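Chains, contacts and geometry: an overview
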Amino acid sequence: MMFCLFIVQDVFEKVNKAYEFLCSKTSRRTHGPDPHNIVLILKAQSILFKRYKDELHPYKYSGYPMLIKTIRMETNDSSLFSKDAPLLTAASELAYHTINCSALNAEELRRDNGLEALVEAYVRCCEVISSFTKPDEIAVQVCIHITKCFAVSAQFEESREKITEMPAIIKDMCSRLYYKNLPNLCSVAAECVSAFSVDFWLQTQMLQAGVLWHLLLYLFNYDYTLEESGVEKSAESNQQEVANNLAHICVNALARLGGYLPDENVTPENPAIRKSLSALLTPYIARQLSNDTPKEIQGDTSFGAEFTFSVHEKELIVGEIFVRIYNEQPTFPLEAPQKFVLELVNYLGSDAQVNFIASSTKGPEMVKWDLLLFWRSMNKI
């Protein structure tokens, strides 16, 4: 084991020295660095950090000054998206693998102002992404790697504070979910939402950036029949499998956003997000997000908290119970019957019933009959 570690460390140091030489001023003065060689060096380092994560975990990456400089030079290059050597792609991928390997690297990247450099590259690439962009384009690949960097950085408090101070990260990351033509980027962005949800203020910023609308829409692309078909499937050959995987990721992101999950997945409970999800999904379905086994909305200033389905406008709802529907299936088990009884008593003693009866198209007698049947059902509990 020690011999293997020595070999890995020795190879890594040689690769790192080669990278520093290729990027050095001396090299540029003589014959100039070959971008293709630099890409190979960066990819070699990425492979080392990816394959030997456990062995390299105790060590800090010493190449951040050159890596960050490379990222900034490529970001500011006017010919960035027409180059045949994807240097920014390789550099952003290496940044991800280094911080994903070790917490020491994540903190070092932040101290070296690496997050700021990544944000500059992120914004530059986000500006050129559209509904016609292809998945293999440089801008998409860079955004995927940098979004992963943000997700890993969110594990550390000081990095989260830095992210909070840079609103462009939240805005652009949430906006990536709009591009259905780029499912891999959408999946990475949704996973980043889950990672950011460990912080209450990041949750709130994502809510204000409209993240709920994007995540919820992907749920409607889920097809449960694919799971039950028993046929062999893969994300590479089955578009529905891609849609189903993205729906699962979005359900998890919604659960973490609202703070529904328990134990090791616990996140802060966010009342504003929970109120919006209860209105958009109904309270019962919103609570199912806590199970941790997950299977046309317009924007408004309340982020959906005041949303009502038109089909429910004329329904009498008491304590989350649809009175008419419950009367048709009175044996359906209620989650908290005592609570509902109290809410029904409060309702009967308020002016709400008078206002509902006056506005109902069913007529006063039919509404009173619904209430009477409901009351009798509740007395049997």
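Parameters at a glance
- Residues numbered from 1 in each chain as written.
- Predicted model: local features only at pLDDT ≥ 70, side-chain atom pairs only at ≥ 80, totals over all residues.
- Heavy atoms only, no water.
- Helix = DSSP H or I, 4+ residues; strand = E, 2+ residues; numbered from the N terminus.
- Buried < 20%, exposed > 50% of the residue type's maximum accessible area, 1.4 Å probe, protein only.
- Areas by Shrake-Rupley, 256 points an atom, 1.4 Å probe, with all protein chains shown as cover.
- Contact = heavy atoms within 4.5 Å.
- Salt bridge = Lys/Arg side-chain N within 4 Å of Asp/Glu carboxyl O.
- Polar contact = N/O pair within 3.5 Å; in protein donor to acceptor, adjacent residues only side chain to side chain.
- Core = buried A, V, L, I, M, F, W, Y, C linked by side-chain atoms within 4.5 Å.
- Expected span 1.5 Å × (residues − 1).
- Axes fitted to C-alpha atoms, helices over the stretch in contact; angles between N-to-C directions.
- Parallel < 35°, antiparallel > 145°, perpendicular 65-115°, else oblique.
- Left-handed = near helix turned anticlockwise from the far one by under 90°.
- Nonpolar A, V, L, I, M, F, W, Y, C, P; charged D, E, K, R; others polar.
- Disulfide = S-S within 2.5 Å.
- Phe/Tyr/Trp six-rings, centres within 6.5 Å; stacked < 30°, edge-to-face > 60°.
- pLDDT = per-residue confidence, 0-100.

This paragraph deals with the overall build of the protein chain. Scanning the protein chain from N- to C-terminus turns up 22 helices and 2 strands. Counting the 381 residues in the protein chain, one finds 46% classified as buried. Looking at the protein chain as shown, the accessible area adds up to about 20200 Å², and 55% of this sits on carbon and sulfur atoms.

In this section: the side chain of H97. Structurally, H97 is set in helix 6 (residues 87-101). Relative accessible area serves as the criterion here: at 11%, H97 is assigned to the buried category. In this structure H97 touches S46, F49 and K50, once residues within four positions along its chain are discounted.

Here we come to the pattern of salt bridges. With the rule as written, the count across this model stands at 14 salt bridges. Measuring nitrogen to oxygen at the nearest pair gives 2.9 Å for the salt bridge that ties E74 to K83. Given the relative accessible area of 8%, E74 is considered buried. The class for K83 is partly exposed, based on a relative accessible area of 26%. In this structure, the salt-bridge partner of R324 is E315, at a minimum N-O distance of 2.5 Å. Among the charged side chains, a salt-bridge network with shared partners connects K60, E108 and R111.

Among the residues of helix 17 (residues 271-281), I273, S276, L277, A279, L280 and L281 are the ones counted as buried. Packed against the buried residues of helix 17 are helix 13 (200-208), helix 14 (211-219), helix 16 (239-258) and helix 18 (283-287). The N-cap of helix 17, judged by a side-chain oxygen 3.3 Å from the amide nitrogen of A272 a few residues on, is N270. Phi turns positive, to about 80 degrees, at T282, one or two residues after helix 17.

In this section: the side chain of E107. Of note, E107 is situated in helix 7 (residues 103-111). The buried category is assigned to E107, whose relative accessible area is 17%. What E107 contacts, discounting residues up to four positions off in sequence, is F156, E158 and S159.

Here we come to the nonpolar core. Within the largest apolar cluster, 89 residues are counted, with the highest numbers of intra-cluster contacts made by F150, F196, L215 and L277. No other element matches helix 9 (residues 138-153), which puts 11 residues into this core. What F150 contacts, discounting residues up to four positions off in sequence, is L115, L118, V119, Y122, I163, I169, C192 and F196.

In this model, helix 8 (residues 114-126) (13 residues) spans 18 Å end to end at C-alpha, consistent with the 18 Å of a helix rising 1.5 Å per residue. Along helix 8, 10 of the 13 residues are buried, which leaves the element largely enclosed by surrounding structure. Among all positions of helix 8, only G114, L115, E116, A117, L118, V119, A121, Y122, C125 and C126 are buried. For helix 8, the elements touching its buried residues are helix 5 (64-75), helix 6, helix 7, helix 9, helix 10 (157-164) and helix 11 (167-175).

What follows is about the environment of I71. Within the secondary structure, I71 sits in helix 5. When the C-alpha atoms of I71 and T89 are compared, they prove to be 9.1 Å apart, with 18 residues separating the residues in sequence.

This part covers the packing of helix 5 against helix 8. At a closest axis distance of 9 Å, the pairing of helix 5 and helix 8 adopts a crossing angle of 25 degrees. Between helix 5 and helix 8, the angle is such that the two are roughly parallel. Note on packing geometry: the crossing formed by helix 5 with helix 8 is left-handed. Side by side, helix 5 and helix 8 meet where I68, I71, R72, E74 and T75 of the first sit next to G114, E116, A117, L118, E120, A121 and R124 of the second. Classifying every residue of the contact of helix 5 with helix 8 gives 5 nonpolar, 2 polar and 5 charged.

Take the state of the cysteines next. This structure, assessed with the given rule, holds 0 disulfides. Of all cysteine sulfurs in the structure, the one in C143 sits closest to C126, which takes part in no disulfide; the separation is 3.8 Å. Among the cysteines around C192, which has no disulfide bond, C174 carries the closest sulfur, lying 8.5 Å off. On the basis of relative accessible area, C192 is assigned to the buried category, the value being 0%.

Using the criterion set out here, one finds 5 aromatic pairs in the structure. Between Y178 and Y179 the ring centres are 5.2 Å apart and the planes differ by 85 degrees, which places this aromatic pair in the edge-to-face class. The rings of F49, Y61 and Y64 are connected pair by pair, giving a single aromatic cluster.

Turning our eyes to something else, we now look at the confidence of the model for the protein chain. On average, residues of the protein chain score 82 in pLDDT, and 76% of them are at 70 or above. Low pLDDT, under 50, characterises residues 1-8; the predicted model gives this stretch 5 contacts beyond four residues in sequence or across chains. Segment residues 25-30: pLDDT under 50, and 7 contacts once partners within four positions in sequence are set aside and those in other chains are kept.

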